[in-house]
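Residue-level listing of the chains:
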Amino acid sequence: MSNSMSRGELWLETLAPNAKRLEGLCPSVQAADGELNGETVRFVAVVPDANNHYPRAAQGEVGLLEGWTLAKVVSETVAADADKAVKRPIVAVIDVPSQAYGRREEAFGIHQALAGAAAAYANARLAGHPVIGLIVGKAMSGAFLAHGYQANRLIAFNDKGVLIHAMGKESAARITLRTVEALEKLAATIPPMAYDISNYATLGLLSSLLDINNPDAPTDNDLAQVKTTLQQAINDARQDATLKNRLGADNRRSSALVRERMRASW
């Protein structure tokens, strides 16, 4: 992988090679139309921009510009397909280290920007677009909520570079008054606290966990596996647009039971 290219950007280019990027977006949000199984698919990624107007979002974080731009891309996709019987799939290529933390971000309403992005993805899903989240790197905090978590199906690479959590380790250690080492030891015993993808998979939120030979330099076989899995996820989403598939794992048994009893009582 080029030193100047994040995993998100790499996989966007890999899945939509030489595809023209959508115009009128901030540099840190890239979108392109590729093809899967003869069907047009819109791929969207957040990428680093060293010259970002907001320095807190220079390393691929999701900030003000990114949140509103994601909302724009997804909403315009929904509007363009409004009269089509078959809606275009949207694939969020996810490699986001964090939301952008800063006083300017807070003052200018980062909560609204990220909520706008999350709402756009949810609206797309409810409008009949298969929305797939492909987690190729980090999926952290509000950045993941804004970019990908509203997907019909979530696919992740089984790789040590894939981390999913609500908070970075250093921040979580400070909040819990622990060292990073103590936090990691505790997290190993509590799956929702863990950062590694294998623990996250036990929560039932993934539809697929892929063994990729090298996520930073994918082979033809890697690409073929990802494409096949994306196509299956798109087909599954069209058959069942709900998110009940996220409650299938053993660690979600209580959640499933609560919902079952609520339905019975309603």
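Everything that follows concerns the structure shown earlier in this document.
Residues numbered from 1 in each chain as written. Predicted model: local features only at pLDDT ≥ 70, side-chain atom pairs only at ≥ 80, totals over all residues. Heavy atoms only, no water.

We now examine the packing of helix α2 (residues 64–80) against helix α4 (residues 110–126). In a pair of packed helices, the angle between the axes and the distance between the axes together describe the arrangement. Close contact between α2 and α4 brings their axes to 8 Å; oriented N to C, the two are set at 20 degrees. Here α2 lies roughly parallel to α4, going by the angle between them. Judged by the twist between their axes, the crossing of α2 over α4 is left-handed. Mapping the contact onto sequence places L64, G67, W68, L70, A71, V74, S75 and V78 in α2 and I110, Q112, A113, G116, A117, A120, Y121 and A124 in α4. The class makeup of the residues in the contact of α2 with α4 is twelve nonpolar, four polar and no charged. (Axes fitted to C-alpha atoms, helices over the stretch in contact; angles between N-to-C directions. Helix = DSSP H or I, 4+ residues; strand = E, 2+ residues; numbered from the N terminus. Parallel < 35°, antiparallel > 145°, perpendicular 65-115°, else oblique. Left-handed = near helix turned anticlockwise from the far one by under 90°. Contact = heavy atoms within 4.5 Å. Nonpolar A, V, L, I, M, F, W, Y, C, P; charged D, E, K, R; others polar.)

What follows concerns the pairing of strand β5 (residues 153–157). Counting buried positions over the five residues of β5 gives five, a clear majority of the element. Here β5 shows two buried faces, one formed by R153, I155 and F157 and the other by L154 and A156. Where strand β4 (residues 131–140) and β5 come together, four bridges link them in parallel fashion. Each residue of the ladder has a partner; that of G133, found in β5, is L154. Once you follow β4 into helix α5 (residues 141–146) and on to β5, the crossover reads as right-handed. Summarising the sheet, β5 and strand β7 (residues 208–210) pair through three bridges and their orientation is parallel. In the strand pairing of β7, A156 is matched with L209. (Buried < 20%, exposed > 50% of the residue type's maximum accessible area, 1.4 Å probe, protein only. Pairing = 2+ DSSP bridges. Right-handed = clockwise from strand over helix to strand, strands pointing away.)

Here the structure, examined in full by the defined rule, presents two aromatic pairs. Plain terms: the ring middles of W11 and F157 are 5.0 Å apart, the flat faces sit at 65 degrees to each other, and that makes the pair edge-to-face. Taken together, the positions of W11 in helix α1 (residues 7–15) and F157 in strand β5 put the pair 146 residues apart, joining distant regions of the chain. There is no split in this pair, since W11 and F157 are both buried. Summarising the aromatic geometry, the rings of F144 and Y149 are spaced 5.1 Å apart at their centres and angled 70 degrees between planes, so their arrangement reads as edge-to-face. Residue classification places Y149 among the partly exposed positions, given a relative accessible area of 26%. (Phe/Tyr/Trp six-rings, centres within 6.5 Å; stacked < 30°, edge-to-face > 60°.)

Counting 69 residues, the largest nonpolar core has W11, F43 and I135 as the members making the most contacts within it. The element that contributes the greatest number of residues to this core is α4, accounting for seven residues. The contact partners of F43, leaving out residues within four places of it in the chain, are L12, L15, A16, Q30, A31, A32, G34, E35, L36, V91, V93 and L230. One finds M140, A172, A173 and Y195 within the second-largest nonpolar core, a separate group that totals five residues. (Core = buried A, V, L, I, M, F, W, Y, C linked by side-chain atoms within 4.5 Å.)

Summed over all chains, the structure comprises ten salt bridges. Linking R88 and D33 is a salt bridge whose minimum nitrogen-to-oxygen distance equals 3.6 Å. Of the two residues, R88 is situated in the loop between α2 and β3 (90–96) and D33 in strand β1 (residues 29–36); the sequence distance between them amounts to 55 residues. By relative accessible area, R88 is classed as buried at 12%. In this structure, R238 engages E39 in a salt bridge whose closest nitrogen and oxygen atoms are separated by 2.6 Å. (Salt bridge = Lys/Arg side-chain N within 4 Å of Asp/Glu carboxyl O.)

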